[in-house]
Amino acid sequence: MSRNSLSDRLCVGKHLEDLPRLAAAVGSGEISYQLASVLCHLREQLSADKRDLFVEEEMLEHARRSSVHDLRMLCRGAFHAVDPEAFYKEAEEDFTCRKLHISQ
C-alpha cells in the first residue's frame with residue numbers, strides 16, 4: 001500500500017465517525033471513498049478553532065456535484081480562505097521537503 005493510500009485511510013478513519021452524514025453517503029455509494037477522503041483531509045488541515053467552519057452538509061453537497069479533482073481544488077481554496085497562515089505554513093513545509101535524486 002502506498003503512503004498516500006495509507007494516509008487517506010488513516011485520515012478517513014479518524015474523521016468519519018465525527019461526520020455521520022458523510023459516512024452515510026459513502027456507505028450508500030452516494031459519493032466515492034476518494035471524495036470522502038478529500039473532505040476528511042480538509043477537515044484535518046483546519047486548526048481546531050477553525051473546524052467549526054467545516055459545514056458537513058454543505059461540503060457533502062459539493063462532493064455530490066464534483067469530480068475528485070474539482071473537489072480537491074475547491075478544498076484547497078477553502079483551506080486558504082479559512083486559515084491562510086496554516087495554508088502558507090503547509091506550502092513552506094512542502095517546499096523545504098523537495099528534493100531531486102539522479103542516478104545512472
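Coordinates for the structure precede this section.
Computed from a predicted model, the values in this text were never measured in an experiment.

**Student:** What am I meant to see in the environment of Leu35 here?
**Tutor:** Tracing the sequence through the fold places Leu35 in helix H3 (residues 33-45). Overall, Leu35 belongs to the buried group, its relative accessible area being 7%. Those residues in contact with Leu35 that sit more than four places away from it in its chain are Ala63, Ser66, Ser67, Val68 and Leu71.

**Student:** Just to check I follow, could you spell out the pattern of salt bridges for this structure?
**Tutor:** Where charged atoms from two side chains of opposite charge come close, those side chains can pair. Across all of its chains, the model carries seven salt bridges by this definition. Each member of the salt-bridge network shares a partner with another, and the members are Arg21, Glu30, Glu57, Glu61 and Arg64.

**Student:** Whenever I open this one, helix H5 (residues 68-82) confuses me. Can you help?
**Tutor:** A turn of α-helix holds 3.6 residues, and therefore any two residues three or four places apart point the same way. Its 15 residues give H5 an end-to-end C-alpha distance of 21 Å, which sits within 8% of 21 Å, the value for a rise of 1.5 Å per residue. Residues Leu71, Cys75 and Phe79 constitute the buried set of H5. In a view along the axis of H5, the buried residues occupy a sector of 75 degrees, so they form one face of it. The inward-facing, buried residues of H5 abut H3, helix H4 (56-65) and helix H6 (84-96).

**Student:** Honestly, the side chain of His15 in this entry has me stumped. Any pointers?
**Tutor:** Looking at the element boundaries, His15 is found in helix H1 (residues 3-15). The buried category is assigned to His15, whose relative accessible area is 2%. Apart from residues lying up to four places away in sequence, His15 is in contact with Cys40, Arg43, Glu44 and Arg51.

**Student:** How should I be thinking about the nonpolar core in this particular structure?
**Tutor:** Nonpolar side chains in soluble globular proteins tend to end up buried together. Leu22, Ile31, Leu39, Leu42, Phe54, Leu71 and Cys75 are the most contacted members of the largest nonpolar core, which has 21 residues in total. Looking at this core, the elements that each hand over two or more residues are H1, helix H2 (20-27), H3, H4 and H5. Top contributing element to this core by residue count: H3, with six residues. What Leu22 contacts, discounting residues up to four positions off in sequence, is Leu16, Ile31, Ala36, Leu39, Cys40, Glu56 and Leu60.

About the cut-offs
- The residue count restarts for each chain, going from 1 along the sequence in the order it is written.
- Side-chain atom pairs in this predicted model are given and counted only at pLDDT of 80 or more, local residue features only at pLDDT of at least 70, and totals for whole chains, interfaces and linings cover all residues.
- Side-chain measures here rest on the full set of heavy atoms in the structure, leaving out hydrogens and waters.
- Runs of E in the DSSP output that reach at least two residues are strands. Runs of H or I that reach at least four are helices, and both are numbered from the N terminus.
- Relative accessible area decides the class of each residue, using a 1.4 Å probe on protein chains only: under 20% of the type maximum gives buried, over 50% gives exposed, and in between gives partly exposed.
- Contacts were defined at the residue level, with two residues in contact if any of their heavy atoms lie within 4.5 Å.
- Salt bridge, as applied in this entry: a Lys or Arg side-chain nitrogen positioned within 4 Å of an Asp or Glu carboxyl oxygen.
- One less than the number of residues in a helix, times 1.5 Å, gives the span that helix is expected to have.
- Think of the arc as the fan of directions from the helix axis to the C-beta atoms.
- Side-chain atoms within 4.5 Å are what join buried Ala, Val, Leu, Ile, Met, Phe, Trp, Tyr and Cys residues into a set we call a nonpolar core.

Interpretation note: all reported values are geometric properties and have no functional meaning in isolation.
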